[in-house]
Amino acid sequence: MAMSRHGLSQRRACRLVGVDPKTVRREPRSDNPRIRRRMREIAAERRRFGYRRIGLMLAREGVHMNHKKLRRLYKEEGLAVRRRRGRKRATGARAPLDAPQRPNDRWSLDFLSDVFEPGRRFRILAVIDDCTRENLALIADTSLSGRRVARELDSLIRLYGKPATILSDNGTELTSRAVLEWQNEAGVAWRYIAPGKPTQNAFIESFNGRLRDELLNEEVFTSLADARRKLAIWRYDYNTVRPHSALDGATPTYARRALEQAEGSTPGALANPSPMRYAETGLSL
């Protein structure tokens with residue numbers, strides 16, 4: 001204003017208002033435009049990723065950055081994930097669980113539900129390995145009985161080997177006669193959490209939250225075939241691409257392979273549980 005209205009030189013105008021002429025002459029430069037553009041691309045593709053996971057994805061591409069600068073760029077780009085209001089959690093004492101040390105030490109399973117676009121509901125059976133956090137199965141159908149659960153577990157054992165323990169809640173399908181008979185015949189210990197205490201099955205509850213937040217709440221399913229296709233794509237991405245914070249940024253598939261190589265075993269050979277009768281498997285946490 002001093003220069004335009006009063007005809008003062010730039011040097012004198014800067015001296016009057018106490019500004020260094022270098023700050024006036026310096027052309028503004030964009031801060032890391034390539035990294036900002038790549039952050040926007042990753043956030044657009046994975047809308048529920050925060051700056052830490054975006055940083056891990058950038059590190060895989062050879063872009064290493066201080067976490068404070070990464071967070072600043074993330075905020076300046078307006079990429080903050082909108083926090084969804086969670087459900088109320090059950091109160092009470094938490095039963096501690098021993099951390100699994102090897103693949104197949106313990107599997108966790110649970111059911112989720114969603115709806116097709118016309119409004120019909122369908123269910124999803126999710127099974128994970130608690131050691132590697134690997135998602136072993138996402139089975140979607142309009143009805144999942146206890147007999148169907150037993151068949152799917154037999155298929156998973158053929159692929160991954162027999163687990164030492166399976167952990168679940170007390171749902172009607174999981175306490176049905178078909179599942180109880182399967183436990184006795186397969187020789188797998190089955191532990192049920194206390195009613196109303198989902199935190200005792202924390203690994204599968206955490207997985208369910210990621211699945212619902214990143215897929216079920218983001219996609220519209222037109223049919224059962226469409227739901228199965230999208231679940232299969234998400235499961236592959238979760239196991240082989242998506243960085244997992246509990247694994248120091250590694251993927252579940254990489255974690256399983258590293259542990260199996262460290263044990264000097266082949267896939268599915270780590271778990272060799274002793275046969276257990278059904279009377280020994282109905283323990284609560």
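A brief report on the enclosed structure follows.

What to know about the overall build of the protein chain
Regarding its fold elements, the protein chain presents 11 helices and 5 strands. Looking at the protein chain as a whole, 43% of its 285 residues qualify as buried. Long-range pairs, those at least 24 residues apart, make up 63% of the contacts in the protein chain between residues at least 6 apart in sequence.

Re helix 6 (residues 67-76)
Within the span of helix 6, buried status applies to Leu-70, Leu-73 and Tyr-74. Buried residues of helix 6, seen end-on, are gathered within an arc of 105° and therefore sit on one face of the element. Of the exposed residues in helix 6, the ones pointing more than 90 degrees away from its buried face are Lys-68 and Lys-75. Looking at the packing, one finds that the buried side of helix 6 touches helix 4 (33-45) and helix 5 (51-60).

A few points about the packing of aromatic side chains
Aromatic ring pairs: the centre-centre distance and the angle between the two ring planes describe each pair. Counted by the stated rule, this structure contains 8 aromatic pairs. On the basis of an interplanar angle of 85° and a centroid distance of 5.1 Å, the ring pair of Phe-207 and Tyr-238 is categorised as edge-to-face. Within this pair, whereas Phe-207 is found in helix 9 (residues 202-216), its partner Tyr-238 is found in helix 10 (residues 224-240), the two being separated by 31 residues in sequence. Taken as a pair, Phe-207 and Tyr-238 share a single burial class, namely buried. Ring pairing ties together the aromatic residues Phe-116, Phe-122 and Phe-221, which thus form one cluster. Between Arg-123 and the ring centre of Phe-111, over which it is positioned, the NZ or CZ distance is 4.3 Å.

Overview of the pairing of strand 5 (residues 189-192)
Here 4 bridges tie strand 4 (residues 165-168) to strand 5, and the two strands are oriented parallel to one another. By the bridge assignment for strand 5, Ser-168 is matched with Tyr-192. The parallel pair strand 4 and strand 5 is bridged by helix 8 (residues 177-186), and the resulting crossover is right-handed.

Quick look at the pairing of strand 3 (residues 135-141)
Burial within strand 3 is extensive, with 7 of its 7 residues counted as buried. As paired strands, strand 2 (residues 121-129) and strand 3 are joined by 6 bridges and run antiparallel to one another. Bridged to Ala-126 within strand 3 is Leu-138.

Observations regarding helix 11 (residues 252-263)
Between its first and last C-alpha, helix 11 extends 17 Å over 12 residues, near the 16 Å set by a 1.5 Å rise per residue. Contacts made by the buried residues of helix 11 are with strand 2, strand 3, helix 7 (146-160) and helix 10.

Digging into the side chain of Asp-110
Note on placement: Asp-110 falls in strand 1 (residues 106-115). Nearest to the buried, unbridged Asp-110 among oppositely charged side chains is Arg-123, at 7.0 Å. Among the polar contacts listed, one links the side chain of Asp-110 to the side chain of Asn-208, at a separation of 3.1 Å. In this view, Asp-110 contacts Ile-124, Leu-125, Ala-126, Asp-169, Ile-204, Glu-205 and Asn-208; residues no more than four positions away in its chain are not counted.

What about the sheet that holds strand 5?
In space, the 5 strands of this open sheet follow the order 3-2-1-4-5, with mixed pairing throughout. Since the sheet does not close on itself, it has two edges, and those belong to strand 3 and strand 5, each with one partner. The average undirected angle you get between the axes of adjacent strands in this sheet is 20°. As paired elements, strand 1 and strand 2 share 9 bridges and run antiparallel to each other. Note that in strand 2 the partner of Leu-109 across the bridge is Val-127. Where helix 8 meets the sheet, its contacts fall on strand 4 and strand 5, and the angle it forms with strand 5 comes to roughly 140°.

Rules of the game
Residues numbered from 1 in each chain as written. Predicted model: local features only at pLDDT ≥ 70, side-chain atom pairs only at ≥ 80, totals over all residues. Heavy atoms only, no water. Helix = DSSP H or I, 4+ residues; strand = E, 2+ residues; numbered from the N terminus. Buried < 20%, exposed > 50% of the residue type's maximum accessible area, 1.4 Å probe, protein only. Contact = heavy atoms within 4.5 Å. Arc of directions from axis to C-beta. Phe/Tyr/Trp six-rings, centres within 6.5 Å; stacked < 30°, edge-to-face > 60°. Lys NZ or Arg CZ within 6 Å of the ring centre and 35° of its normal. Pairing = 2+ DSSP bridges. Right-handed = clockwise from strand over helix to strand, strands pointing away. Expected span 1.5 Å × (residues − 1). Lys, Arg positive; Asp, Glu negative; His and termini not counted. Salt bridge = Lys/Arg side-chain N within 4 Å of Asp/Glu carboxyl O. Polar contact = N/O pair within 3.5 Å; in protein donor to acceptor, adjacent residues only side chain to side chain. Axes fitted to C-alpha atoms, helices over the stretch in contact; angles between N-to-C directions.

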